[in-house]
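Letter by letter, the chains look like this.
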Amino acid sequence: MINIERKTKETDIQISLDLYGTGKSEISTGVGFLDHMLESFSKHSLIDLNVHCKGDTHIDDHHSVEDIGIAIGHALKKEIYPVSKVERFGSCAIVMDEACVECDLDLSNRPFLVYEVDIEGKVGDFDVELVEEFFRAVCFNAGLTTHIIMKRGKNKHHIIEAAFKSLAVALRRATTANERTGVPSTKGVL
Ligand SMILES: [Mn+2]
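All residue numbers here refer to positions counted from 1 along the written sequence of the relevant chain. Side-chain atom pairs in this predicted model are given and counted only at pLDDT of 80 or more, local residue features only at pLDDT of at least 70, and totals for whole chains, interfaces and linings cover all residues. Derived side-chain values reflect all non-hydrogen atoms in the structure, with water molecules and hydrogen atoms excluded from consideration.

**Re the pairing of strand E3 (residues 25-28)**
Consecutive side chains of a regular strand alternate in pointing toward one face of the sheet and then the other.
Point 1. When DSSP locates at least two bridges between a pair of strands, those strands are taken to pair. Think of it this way: any DSSP run of H or I at least four residues long counts as a helix, any run of E at least two long counts as a strand, and we number them from the N terminus. Sheet analysis places E3 next to strand E4 (residues 48-55), joined by four bridges and oriented parallel. Following the sheet pairing, Ser 25 is matched in E4 by Leu 49.
Point 2. Where the polypeptide runs from E3 across helix H1 (residues 32-45) and back to E4, its parallel neighbour, the crossover connection is left-handed. Clockwise travel from the first strand over the helix to the second, with the strands pointing away from the viewer, marks a crossover as right-handed.

**Notes on the pattern of salt bridges**
Point 1. By salt bridge we mean one thing: a side-chain nitrogen of Lys or Arg within 4 Å of a carboxyl oxygen of Asp or Glu. Within the structure shown, the criterion is met by nine salt bridges.
Point 2. With its nearest N and O atoms 3.8 Å apart, the salt bridge here joins Glu 179 to Lys 85. Placement of the pair is Glu 179 in the segment after helix H4 (156-174) and Lys 85 in the loop between helix H2 (62-80) and strand E5 (89-96), with a sequence separation of 94 residues.
Point 3. Classification of residues uses two cut-offs on accessible area relative to the type maximum, computed with a 1.4 Å probe and protein chains only: under 20% is buried, over 50% is exposed, and between them is partly exposed. For Glu 179, a relative accessible area of 61% translates into the label exposed.
Point 4. Here Asp 106 and Arg 88 are joined by a salt bridge, their closest N and O atoms 2.7 Å apart. Taken together, the residues Asp 106 in strand E6 (residues 99-106) and Arg 88 in the loop between H2 and E5 connect sequence positions 18 residues apart.

Take a look at the structure:
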């Protein structure tokens, strides 16, 4: 279990995260759609996750969404590394009705994000361009090489929720114990 506190003039965030949990969450970010996505992420990753954020959402949701991503990324980095006796690589394609999104990731300890999800506009009052900001903040601060690719879809709520679930399950698979892998790198450390 890792606890992270992150306070700036824009946001005040408390996070607790247990990588090997049971998918329990208490989420209150001030951004309703993000609450829904993080509850889904926790449930399907089996990561126990509490997130509380007071942010300047009177401006817009950008600072809160990005800063929560940074804080979750920091917490994941502390929980994941150094990598030992786990699968290391994880992939998952999730379907939600007409939508299908695939996430492929590597516990590389190197930040990289390929994000090919071609959607615009809003879900409710949530700006969908913030989804890429969130995933970039998570992957860069956690040290994850991650590709999130929309294979098909029309409904933006389905597409984004499938993206969060695909990251959740890919991460769960990559962090699944495997006694035989040792340090799963020819470099000898990750
Ligand atoms: Mn939903």
